[in-house]
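As a plain string of letters, each chain reads:
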Amino acid sequence: QSALTQPASVSGSPGQSITISCTGTSSDVGGYKYVSWYQQYPGKAPKLMLYDVSNRPSGVSNRFSGSKSGNTASLTISGLQAEDEADYYCSSYTTSNTGVFGGGTKLTVL
Amino acid sequence: QVQVVQSGAEVKKPGASVKVSCKASGYTFTGYHVHWVRQAPGQGLEWMGWIDPDNGDTSYAQQFQGRVTMTTDTSISTAYMELNRLRSDDTAVYYCARDKWFGDLKYYMDVWGKGTTVTVSS
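Residues numbered from 1 in each chain as written. Chains lettered and ligands numbered in written order. Predicted model: local features only at pLDDT ≥ 70, side-chain atom pairs only at ≥ 80, totals over all residues. Heavy atoms only, no water.

Student: When you look at the overall build of chain A in this model, what are you seeing that I'm missing?
Tutor: A count of helical and extended segments in chain A gives zero helices and nine strands. Secondary structure of chain A in N-to-C order comes out as β-β-β-β-β-β-β-β-β. Over its C-alpha atoms chain A spans a radius of gyration of 13 Å, differing by no more than 12% from the 13 Å that the globule rule assigns to 110 residues. Seen through its principal axes, chain A has C-alpha atoms that stretch 40 × 25 × 25 Å. For chain A, with 110 residues in total, the buried portion stands at 46%. Excluding contacts between residues fewer than 6 apart, the proportion of contacts in chain A whose partners are at least 24 apart in sequence is 56%. When the accessible surface of chain A is totalled, it reaches about 4,700 Å², and 45% of it is carbon and sulfur. Between the centroid of the 7 positive side chains of chain A and the centroid of its 6 negative side chains there is a distance of 5 Å. (Helix = DSSP H or I, 4+ residues; strand = E, 2+ residues; numbered from the N terminus. Rg over C-alpha atoms; globule rule 2.2 N^0.38 Å. Buried < 20%, exposed > 50% of the residue type's maximum accessible area, 1.4 Å probe, protein only. Contact = heavy atoms within 4.5 Å. Areas by Shrake-Rupley, 256 points an atom, 1.4 Å probe, with all protein chains shown as cover. Lys, Arg positive; Asp, Glu negative; His and termini not counted. Charge placed at Lys NZ, Arg CZ, Asp CG, Glu CD.)

Written out as structure tokens, the structure reads:
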């Protein structure tokens, strides 16, 4: 199972919106709604930010939103803040009854 | 509070085995699947597999088949991940994480351990 494809890095200024894409295949992202996104700070464990493509767990800011079209899922962060600077990973269920992560995207807040 | 606490760092020689533990508290251990995820230095997250503590069912990523074994001891609410025939590229932080849904499996990991650093070096 190959890793899902994410851009290595994205950047934006405070207050702006950014979108991170996550491209898979019909065997994972495109075939199911079981897509999730994680935020990870250096040296820390990941944190679940979105599940079921676009649902936010309790406590996650509504500045984080998600969508999916075909084999590509997207994470959008609006009203960018300095604290959003982190690594972001997408994840999906696969037809093999396994999981797969994206390669990760480093978000820089300028 | 709901948490999982992992065992401490390990240093192993190539060819050896390592067994990492993950002790759950604050929730019904047998109600939630446990995932194992690793992260090599400077690299991304890699899903390794899951175990259902209720019945011991497992699913492993293909790249670990034959080398990894996930088990649980429900009497002490603890999950284990054992990786055999270690290589230098197994050097990584190993995380356990709870699946979000009670009695179901959606691959959404909502409670994470702090990670266990495993270093493989001769």
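Student: Looking at this model, I keep getting lost on the environment of Gln-81 of chain A. Mind explaining?
Tutor: All names here are of chain A. Locating Gln-81 in the fold gives a position in the loop between strand E6 (72-77) and strand E7 (86-93). For the pair Gln-81 and Val-29, spaced 52 residues apart in sequence, the C-alpha separation works out to 28 Å. Not counting chain neighbours up to four residues away, the residues in contact with Gln-81 comprise Arg-63 and Val-109.

Student: Help me out: how do you make sense of the interface of chain A and chain B in this one?
Tutor: How big an interface is tends to be reported as the loss of accessible area on association of its parts. Across the boundary between the two partners, chain A contributes 23 residues, which contact 22 residues of chain B. Overall, the association of chain A and chain B removes approximately 1,700 Å² of surface from exposure, summing both partners, and the carbon and sulfur fraction of that is 61%. Run the count over chain A and chain B and you get zero salt bridges. Applying the counting rule to chain A against chain B returns ten residue pairs in polar contact (both at pLDDT 80 or more). Contributing elements (two or more residues each) for the side of chain A that touches chain B: strand E3 (35-40), E7 and strand E8 (99-101) of chain A. Examining the composition of the side of chain A that touches chain B, we find that four residues originate from one element, E3 of chain A, more than from any other. Residue composition of the side of chain A that touches chain B, by class: eleven nonpolar, nine polar and three charged. (Buried area = accessible area lost by both parts, 1.4 Å probe. Salt bridge = Lys/Arg side-chain N within 4 Å of Asp/Glu carboxyl O. Polar contact = N/O pair within 3.5 Å; in protein donor to acceptor, adjacent residues only side chain to side chain. Nonpolar A, V, L, I, M, F, W, Y, C, P; charged D, E, K, R; others polar.)

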